[in-house]
Amino acid sequence: MISCRDFMEEIGDYLDDDVAGEVRRRLEEHLAHCKTCTVVCDSARKTIRVVTESDSFDLDEGEFLPLADKIMERIRQTRD
Ligand SMILES: [Zn+2]
């Protein structure tokens, strides 16, 4: 079983549909058991949809990375 940290390291590729079959299987197995990562995954998907569907909305790294940090912080708190 992979950890939430492992999941977060792969989530970008997973959402880009850019992971090998075996990795995808393990990520989906983790999602099936982990509410935190399911929520993170859903939010990330929605965020990506908003960003890609709107021409006028630019989300640059400066805005996204603090959000990712917040999510990771929440996960660390949940795990302890
Ligand atoms: Zn998780």
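Within each chain, residue numbers correspond to sequence positions counted from 1 in written order. Residue-level local features of this predicted model are given only where pLDDT is at least 70; pairs of side-chain atoms are given and counted only at 80 or more, and the full residue set underlies all totals for whole chains, interfaces and linings. Calculated side-chain values reflect all of the structure's heavy atoms, with hydrogen atoms and water omitted.

Novice: Explanation requested: the overall build of the protein in the structure shown.
Specialist: Strands are runs of DSSP state E lasting at least 2 residues, helices are runs of H or I lasting at least 4, and numbering of each runs from the N terminus. Within the protein one finds four helices and zero strands. N-terminal to C-terminal, the α/β element order of the protein is α-α-α-α. Relative accessibility under 20% of the residue-type maximum defines a buried residue, over 50% an exposed one, and the middle range a partly exposed one, all with a 1.4 Å probe and only protein chains included. Counting over 80 residues, the protein shows a buried share of 21%. In the protein, the proportion of contacts linking residues at least 24 apart, taken out of those at least 6 apart, comes to 62%. Only the protein chains shown count as cover for residues, and all accessible areas are computed by the Shrake-Rupley method using a 1.4 Å probe. For the protein, the accessible surface area stands at approximately 6000 Å², while carbon and sulfur atoms represent 49% of it. Two residues qualify as a contact provided that any one of their heavy atoms is within 4.5 Å of a heavy atom in the partner residue.

Novice: It is not clear to me how the packing of helix α2 (residues 21-33) against helix α3 (residues 35-53) should be interpreted in this structure. Could you clarify?
Specialist: Geometry of a packed helix pair, given as the angle between the helix axes and the separation of the axes. Fitted lines through C-alpha atoms give the axes, limited to the stretch in contact for helices. The angle between two N-to-C directions lies from 0 to 180 degrees. Two numbers describe how α2 lies on α3: the axes approach to 6 Å, and their chain directions differ by 110 degrees. Comparing their axes, α3 and α2 come out roughly perpendicular. Handedness of the α2/α3 crossing: left-handed. Here His 30, Leu 31 and His 33 of α2 lie close against α3, whose contacting residues are Lys 35, Cys 37, Thr 38 and Cys 41. Note that the term roughly parallel is reserved for angles under 35 degrees, roughly antiparallel for angles over 145, roughly perpendicular for angles of 65 to 115, and oblique for everything else. Rotating anticlockwise by less than a right angle from the far helix to the near helix defines a left-handed crossing, while the corresponding clockwise rotation defines a right-handed one.

Novice: Would you explain α2 in this entry?
Specialist: Side chains of residues three or four places apart in an α-helix project in the same direction, reflecting 3.6 residues per turn. Residue count minus one, scaled by 1.5 Å, sets the expected span of a helix. With 13 residues, α2 should reach 18 Å at 1.5 Å per residue; the first-to-last C-alpha distance of 19 Å fits that figure. Turning to α2, the residues buried within the fold contact α1 (4-15) and α3.

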